[in-house]
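# Observations on chain architecture
Residue strings, one per chain:
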Amino acid sequence: MNIPLRNLCWILACLVAGISLPVTAVPQVHIASDGTKYLIENEAKYNWLQAHTECVSSDMQFAVLDSVEKNQAFVELLRQIGGKLPNLWIGHHDNFNTAEQLNRRFFSIINGYEIDFNNWDKGEPNNALYSEHCVHIDSSSDFRWNDHHCENKYGYVCEEPQKSTNVSCDMLDISKTVYELNQELSEDHKNHQNEVQVILNDNRLQTQNVLHEWQQSSMQTLDKSQKSINEIFARKPYLSAVIADVGPSIKQIIREAYNEISQFSHEAQHAIDGNSVDTQTSIMNKSEQFHEKLDENTNAVDGLLNQRGK
């Protein structure tokens, strides 16, 4: 096959360029004996925060080794991989504790929980210069842990996010708690509503009693006044001219007083009954609005939890 010299030169240039291009290693995915899927970056060029970012951008999470079983399965995986592995960042930190060197608590970057299990190398964690806040796996010490400066450049380990029922259960528990709180609020509101109703009824009855007592007292006073006037006129017959003159007027005044007292008592009771009905209606309306709001809040929370739980 005859290839023009010009084309041959172009092909050779491309081949040379391809050979000289830097090859970037792609982090490899491995599955441990416990079924956990890990992504391991072998190039030591990431600080701790960068490693965390890389995990997130790969739709994974910073690996957290929080139990004997999980750590043992992961160490076995590293031994199977073999070769020269760099130090590997994992998602443990001491919450940037600058007050202590030894016996510090370490936490998971995934959920913020304290990590009870540990696999520290001898003499670690020592928080040298009070500035070693991040944890890496030391490949030179049988994959034990060491705390170190977070800006150091190492490889890293990500793991596949757990799609366990724990999240769903947690969401269900939260939803159930919100529902129970709303039910408690609803019951509490009903109790207060009943108490208000009782108070309104008691107040109405008390007001009725007061009005009745006032009406009775006023009538008795008028009766006494009528009797007293009659007794005066009976003892002093010489006042007959006065009786004839003012007697009908006095009696008319007393009768009118009777009528006004009765009418006022009736109107006052009617107004009180009307206010009680209006107040009760207003309370019932507010109660219904409150229950509707509780239902809206419950549905809104359920919607949010369902979205987060997917």
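For clarity, every value in this text was computed on a predicted model and none was experimentally measured.

Below, the discussion takes up the pairing of strand E6 (residues 134-138). Within E6, five of the five residues are buried, which leaves it mostly tucked inside the rest of the structure. Examined bridge by bridge, strand E4 (residues 88-93) and E6 share three bridges and lie antiparallel to one another. The residue bridging tryptophan 89 from the neighbouring strand is histidine 136, located in E6. Sheet analysis places E6 next to strand E7 (residues 144-148), joined by five bridges and oriented antiparallel. By the bridge assignment for E7, histidine 136 is matched with asparagine 146.

Below, the discussion takes up unusual backbone geometry. Here the residue pair glutamate 124 and proline 125 is connected by a cis peptide bond, since its omega of -5° sits within 30 degrees of zero. If you trace the backbone, proline 125 turns up in the loop between strand E5 (107-108) and E6. Located in the positive-phi region is leucine 129, a residue other than glycine, with phi close to 60°. Mapped onto the elements, leucine 129 comes out in the loop between E5 and E6. Residue classification places leucine 129 among the exposed residues on the basis of a relative accessible area of 74%. Even without being a glycine, phenylalanine 143 presents a positive backbone phi close to 60°. Of the residues examined, phenylalanine 143 reaches a relative accessible area of 12% and is grouped as buried.

Tallied over the entire structure, the rule returns seven salt bridges. Salt-bridge contacts for lysine 37 lead to glutamate 160; the nearest nitrogen and oxygen are separated by 3.9 Å. Here glutamate 160 lies in the loop between strand E8 (154-159) and helix H4 (165-235) and lysine 37 lies in strand E2 (residues 37-46), a separation of 123 residues in the sequence. Aspartate 142 is the salt-bridge partner of arginine 79, the closest N and O atoms lying 2.7 Å from each other. With arginine 79 in helix H3 (residues 68-81) and aspartate 142 in the loop between E6 and E7, this pair connects stretches of sequence that are 63 residues apart. With relative accessibility at 49%, the residue arginine 79 sits in the partly exposed group.

Evaluated as defined, the whole model comprises two disulfides. Paired by a disulfide, cysteine 55 and cysteine 158 hold their sulfur atoms 2.0 Å apart. On the sign convention where negative is left-handed, the bridge of cysteine 55 and cysteine 158, at about -85° about the S-S bond, is left-handed. Here cysteine 158 lies in strand E8 and cysteine 55 lies in helix H2 (residues 48-57), a separation of 103 residues in the sequence. Across the pair, exposure class does not vary: cysteine 55 and cysteine 158 are buried alike. Covalent S-S linkage joins cysteine 134 and cysteine 150, the inter-sulfur distance amounting to 1.9 Å. The disulfide joining cysteine 134 to cysteine 150 has a torsion of about 95° about its S-S bond and is therefore right-handed.

The next point concerns the nonpolar core. By size, the foremost hydrophobic cluster in this structure holds 21 residues, and its most contacted members are Tyr38, Phe74, Leu78, Ile137, Trp145 and Val157. Among the elements of the structure, E2, H3, E4 and E6 are those that each provide at least two residues to this core. Per element, the largest residue contribution to this core is five residues, and it comes from H3. Cys55, Met60, Trp89 and Cys158 belong to the second largest nonpolar core, which has 13 residues in total.

This part is about H3. Between its first and last C-alpha atoms H3 spans 20 Å; for 14 residues at 1.5 Å apiece the expected length is 20 Å, and the two agree. Those residues of H3 that fall on the buried side of the exposure criterion are Lys70, Asn71, Ala73, Phe74, Val75, Leu77 and Leu78. Contacts from the buried residues of H3 go to strand E1 (28-31), E2, E4, E6, E7 and E8. Positive backbone phi, at 65°, marks glycine 82, one or two positions downstream of H3.

To continue, consider H2. For H2, the complete set of buried residues consists of Trp48, Ala51 and Cys55. Angularly, the buried residues of H2 cover 60° about the axis, an arc narrow enough to put them on a single face. Opposite its buried face, H2 presents the exposed residues Leu49 and Ser57, each directed more than 90 degrees away. Looking at the buried side of H2, the elements it contacts are E2, strand E3 (61-62), E4, E6 and E8. For H2, the side-chain oxygen to backbone nitrogen distance between the N-cap and leucine 49 is 3.1 Å, and the N-cap itself is asparagine 47. Downstream of H2 by a residue or two, aspartate 59 has a phi angle that is positive, lying close to 60°.

Criteria and cut-off values
- Residues numbered from 1 in each chain as written.
- Predicted model: local features only at pLDDT ≥ 70, side-chain atom pairs only at ≥ 80, totals over all residues.
- Heavy atoms only, no water.
- Buried < 20%, exposed > 50% of the residue type's maximum accessible area, 1.4 Å probe, protein only.
- Helix = DSSP H or I, 4+ residues; strand = E, 2+ residues; numbered from the N terminus.
- Pairing = 2+ DSSP bridges.
- Salt bridge = Lys/Arg side-chain N within 4 Å of Asp/Glu carboxyl O.
- Disulfide = S-S within 2.5 Å.
- Core = buried A, V, L, I, M, F, W, Y, C linked by side-chain atoms within 4.5 Å.
- Expected span 1.5 Å × (residues − 1).
- Contact = heavy atoms within 4.5 Å.
- Arc of directions from axis to C-beta.
- Polar contact = N/O pair within 3.5 Å; in protein donor to acceptor, adjacent residues only side chain to side chain.

Purely geometric stuff here, so don't read any function into it on its own.
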